[in-house]
Amino acid sequence: MQKITTWLWFDTEAEEAAEFYTSVFPDSRITDVSYYGEAGPRPAGSVMTVAFEVFGREFVGLNGGSEYRIEGAGISFMVDCDSQEEVDRYWDLLAEGGREIACGWVTDRYGVAWQIVPRRLRELLADADRDRAQRAMAAMLKMTKIDVGELERAAAA
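This section reports on the structure supplied with the text. Note that this is a predicted model, so its numbers are computed, not measured.

1. Notes on the environment of Val-50
- Secondary-structure assignment places Val-50 in strand β3 (residues 47-54).
- Considering only alpha carbons, one finds Val-50 and Ser-34, 16 residues apart in sequence, at a separation of 6.5 Å.
- Contact partners of Val-50, with chain neighbours within four places excluded, come to Ala-14, Glu-15, Ala-18, Ile-30, Asp-32, Val-33, Phe-59, Val-60 and Gly-61.

Structure, rendered in C-alpha cells:
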C-alpha cells in the first residue's frame, strides 16, 4: 500500500469516472467498490467509493455530494509521454467533454486537470544550450496540446 492515496470527490460520478480513467490508461483497474448503507448520508445501496489503480498508483473516487467540486488546476496529474502518438492519445481522450487549456494542460469531463507532457519537452528545456532551450520554451508557451515536431523545429532555429 502506498503511503499517500489520492481521493477525488464527485457528486455521483465516482464509478463512471473510475471506469473512464481505467479505460484511458493501460495497466489500470478498479480494485474495489463500496456502497452506502442504511446509516447514509446518501441513499442505501448507492456507490460510496470506488478504488482504482492507474499505472500502479492508488486512487479512490468518493461520491460525497455536490458540496464540493473538482475544478481548476490547483492540483493536476502529469502524464509523462514517450511519443507524440502517446500525447495525442491521452490528450484526445481526456479532452473529450472537458476543456483544453494551454501548454499541455487539459481538464477532463469531471474537472480533473492533467498535464500531458512529452518527455522530449523536458529534455529540450534542460538543454545545455540555453538559447535552444529558450526557443523550445517560447514555442511551448504558444501551444495548447504539445507538438514535439514543432518544439524540435523551434529549438533548431
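2. Quick look at the sheet that holds strand β1 (residues 6-10)
- The mixed open sheet is built from 4 strands, whose spatial order is β1-β4-β3-β2. A single partner strand is all that each edge strand has here, and the edge strands are β1 and β2 (29-35). Shown here is a sheet whose adjacent strand axes are inclined to one another by a mean of 20°, direction ignored.
- Sitting on the sheet, helix α1 (residues 14-24) is in contact with β1, β2, β3 and β4 (57-63), with an inclination near 10° to β3.

3. Some remarks on the pattern of salt bridges
- One pass over the full model with this rule turns up 10 salt bridges.
- Note that Arg-119 and Asp-82 form a salt bridge whose closest N and O atoms lie 2.3 Å from each other. Of this pair, Arg-119 sits in helix α3 (residues 119-125) while Asp-82 sits in the loop between β5 (76-81) and α2 (84-95), and the two are 37 residues apart along the sequence.
- Asp-82 sits in the exposed class, given a relative accessible area of 56%.
- Arg-132 is paired through a salt bridge with Asp-127; the nearest N and O atoms lie 2.8 Å apart.
- Look at Asp-127 and you get buried, because its relative accessible area is 19%.
- One network of salt bridges, in which partners are shared, links Asp-80, Asp-82, Arg-119 and Arg-122.

Conventions we followed
Residues numbered from 1 in each chain as written. Predicted model: local features only at pLDDT ≥ 70, side-chain atom pairs only at ≥ 80, totals over all residues. Heavy atoms only, no water. Helix = DSSP H or I, 4+ residues; strand = E, 2+ residues; numbered from the N terminus. Contact = heavy atoms within 4.5 Å. Pairing = 2+ DSSP bridges. Axes fitted to C-alpha atoms, helices over the stretch in contact; angles between N-to-C directions. Salt bridge = Lys/Arg side-chain N within 4 Å of Asp/Glu carboxyl O. Buried < 20%, exposed > 50% of the residue type's maximum accessible area, 1.4 Å probe, protein only.

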